[in-house]
Amino acid sequence: MLSMNGVLLIDKPAGMTSHDVVARVRKIIGERRVGHTGTLDPFATGLLVLLIGRTTRLAQFLSGAEKEYEAVIRFGYATETGDVTGARIEWEEPHARWRSAQSLRKDEIQAALASLKGEIEQVPPMYSAKKIQGKKLYEFARAGQSVERQAVRVTIHEFEMSSPADELPRANDDGSVDLRVRVVCSAGTYVRTLAEDLGQKLGIGSHLAELRRTRAGLFQIDGALTFEGLAEVCKLEMLDDALVSPYDALSHLPVIGLDTAQARRIMHGLDLELAPDGPQSLTDGDAIRLSLNNELIAVGRFDESQSVIHPAVVLVT
């Protein structure tokens, strides 16, 4: 099979880790070099952006993309993990600590949602893959240990009810209620923590019951394939048509078109002097696509002190 390069969008099913998805895709397409730009928890579904072949070198330019989710927040009780997979936390005096889920009013929910928008601080949950002292937090948690975690700043661009305006949160048989929300946030945001914080604002235990990623940067869930769809595409030998080219995948970056001589210099790792008609709004360290006939040759970094672009990642040699 010929070497393939590009971005592949997969609709991840529930019950699989992101690593499981990568392994499955490797087997289906017959390509060893497969990576992803941001994990999804096993219980979550939706868009997973995979990098194929040489495109795996571009992860640093895609992993910081803004994310969008559809989620269900369940009010009534908290869990050990902050999501539906964890054990329910039972308080000795629940009525003294929390209100009833049925007492929630739409106006106060909307006010609490609005209060969590903008730049906020989040403490990474113990049940997460974030590493501290070279060890994943969930490994400490499973051993019954809790470690100190530094809060990180994230940005919540949108946090709103996605139910119809005249519909109250849905009641469940156990007395809890479910609220369907839409979240648009910066990379690194824990939606589980956002769900818990919303409950705390409202004075009630809460956790994340469902999570589906619908967008990552410019990529939309509508363009994603299921495993069955991917297998069919490969069977029809149409995988190239399903891949987003490296050039298009980085369309959020400015671009400089090269001539043949310039492309040859870049392929040898030599700097490119910024022409007077090149991008004028660059700041030191900015990433720029370097292309030849709309094929991505490399991604460069702007060196303001010398007014040159240094090839940081070369795809074509």
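Here, the structure is the one placed above.
Residues numbered from 1 in each chain as written. Predicted model: local features only at pLDDT ≥ 70, side-chain atom pairs only at ≥ 80, totals over all residues. Heavy atoms only, no water.

*Asks:* Could you give me a rundown of unusual backbone geometry, with the residues and numbers involved?
*Replies:* Positive phi is not limited to glycine here, since asparagine 293 has a value of about 55°. Looking at the secondary structure, you find asparagine 293 in the loop between β15 (287-292) and β16 (295-303). The class of asparagine 293 is exposed, set by a relative accessible area of 74%. Located in the positive-phi region is serine 307, a residue other than glycine, with phi close to 55°. (Helix = DSSP H or I, 4+ residues; strand = E, 2+ residues; numbered from the N terminus. Buried < 20%, exposed > 50% of the residue type's maximum accessible area, 1.4 Å probe, protein only.)

*Asks:* Please give an account of helix α9 (residues 260-267) that cites residues and values.
*Replies:* N-cap assignment for α9: the residue whose side-chain oxygen lies 3.2 Å from the backbone N of alanine 261 is aspartate 259. Phi turns positive, to about 80°, at glycine 269, one or two residues after α9. (Polar contact = N/O pair within 3.5 Å; in protein donor to acceptor, adjacent residues only side chain to side chain.)

*Asks:* Which residues make up the packing of helix α1 (residues 18-29) against helix α6 (residues 227-235), and what values do they have?
*Replies:* Where α1 contacts α6, the axes come no closer than 10 Å and their chain directions differ by 20°. Our classification of the angle between α1 and α6 gives roughly parallel. In this structure, α1 meets α6 at a crossing whose hand is right-handed. Counting all contacts with α1, which are made through Val21, Arg24, Val25, Ile28 and Ile29, the residues of α6 involved are Phe227, Leu230, Ala231 and Cys234. In the contact of α1 with α6, the residues fall into eight nonpolar, no polar and one charged. (Axes fitted to C-alpha atoms, helices over the stretch in contact; angles between N-to-C directions. Parallel < 35°, antiparallel > 145°, perpendicular 65-115°, else oblique. Left-handed = near helix turned anticlockwise from the far one by under 90°. Contact = heavy atoms within 4.5 Å. Nonpolar A, V, L, I, M, F, W, Y, C, P; charged D, E, K, R; others polar.)

*Asks:* Report on the environment of leucine 9, specifying residues and quantitative values.
*Replies:* Considering the arrangement of structural elements, one finds leucine 9 in strand β1 (residues 6-12). By relative accessible area, which is 8% here, leucine 9 ends up buried. Apart from the residues within four sequence positions on either side, leucine 9 is in contact with Leu47, Leu48, Val49, Phe219, Gln220, Gly223, Ala224 and Leu225.

*Asks:* Quick rundown of the packing of aromatic side chains? Include the residues and the values.
*Replies:* Throughout the structure, instances matching the rule amount to zero aromatic pairs. Sitting over the ring of phenylalanine 227, arginine 24 keeps its end group 4.4 Å from the ring centre. We note arginine 289 situated over the ring of tyrosine 247; from NZ or CZ to the ring centre the distance is 4.5 Å. (Phe/Tyr/Trp six-rings, centres within 6.5 Å; stacked < 30°, edge-to-face > 60°. Lys NZ or Arg CZ within 6 Å of the ring centre and 35° of its normal.)

*Asks:* I'd love a proper account of the environment of isoleucine 73, names of residues and values included.
*Replies:* Mapping isoleucine 73 onto the fold places it in strand β4 (residues 67-75). Taking the C-alpha atoms as reference points, isoleucine 73 and alanine 209, separated by 136 residues in sequence, lie 5.6 Å from one another. Filtering out sequence-adjacent residues up to four positions away, isoleucine 73 remains in contact with Phe159, Val177, Asp178, Leu179, Val181, Ala195, Leu198, Ser206, His207 and Leu208.

*Asks:* Explain the pairing of β16 residue by residue, including any values.
*Replies:* Looking at chain direction, β15 and β16 are connected through six bridges and run antiparallel. Residue alanine 287 lies in a different strand from β16, and its bridge partner there is arginine 301. Connecting the antiparallel pair β15 and β16 is a turn made up of two residues, with asparagine 293 showing a positive phi of about 55°. The pairing of β16 with strand β17 (residues 308-314) spans six bridges and is classified as antiparallel. By the bridge assignment, alanine 298 is partnered in β17 with valine 314. Connecting β16 to the next strand, β17, in antiparallel fashion are four residues, including serine 307 with a positive phi near 55°. (Pairing = 2+ DSSP bridges.)

*Asks:* Got a sec to walk through the pattern of salt bridges? Specific residues and values, please.
*Replies:* Pairs may arise between side chains of opposite charge once their charged atoms sit close together. Here the structure, examined in full by the defined rule, presents 16 salt bridges. Among the ionic pairs, arginine 74 bridges to aspartate 178, the shortest N-O distance being 2.7 Å. In this pair, arginine 74 is assigned in strand β4 and aspartate 178 in strand β10 (residues 177-185), connecting sequence segments 104 residues apart. Accessibility assignment for this pair places arginine 74 and aspartate 178 in one class, buried. Members of the salt-bridge network, linked through shared partners, are Glu66, Glu68, Glu160, Arg182 and Arg215. (Salt bridge = Lys/Arg side-chain N within 4 Å of Asp/Glu carboxyl O.)

*Asks:* An account of the nonpolar core is requested, with residue identities and associated values reported.
*Replies:* One finds Leu8, Val25, Leu50, Phe75, Phe159 and Leu198 to be the most contacted residues of the largest nonpolar core, which totals 48 residues. Judged by nonpolar contacts, the second largest core, of 36 residues, contains Ala224, Tyr247, Leu290 and Ile309. (Core = buried A, V, L, I, M, F, W, Y, C linked by side-chain atoms within 4.5 Å.)

*Asks:* Give me the lowdown on the sheet that holds strand β14 (residues 272-273), citing residues and values where you can.
*Replies:* A sheet is described by the order of its strands in space; here five strands give the open sequence β13-β15-β16-β17-β14, paired in mixed fashion. Single-partner strands in this sheet number two, and they are β13 (255-257) and β14.

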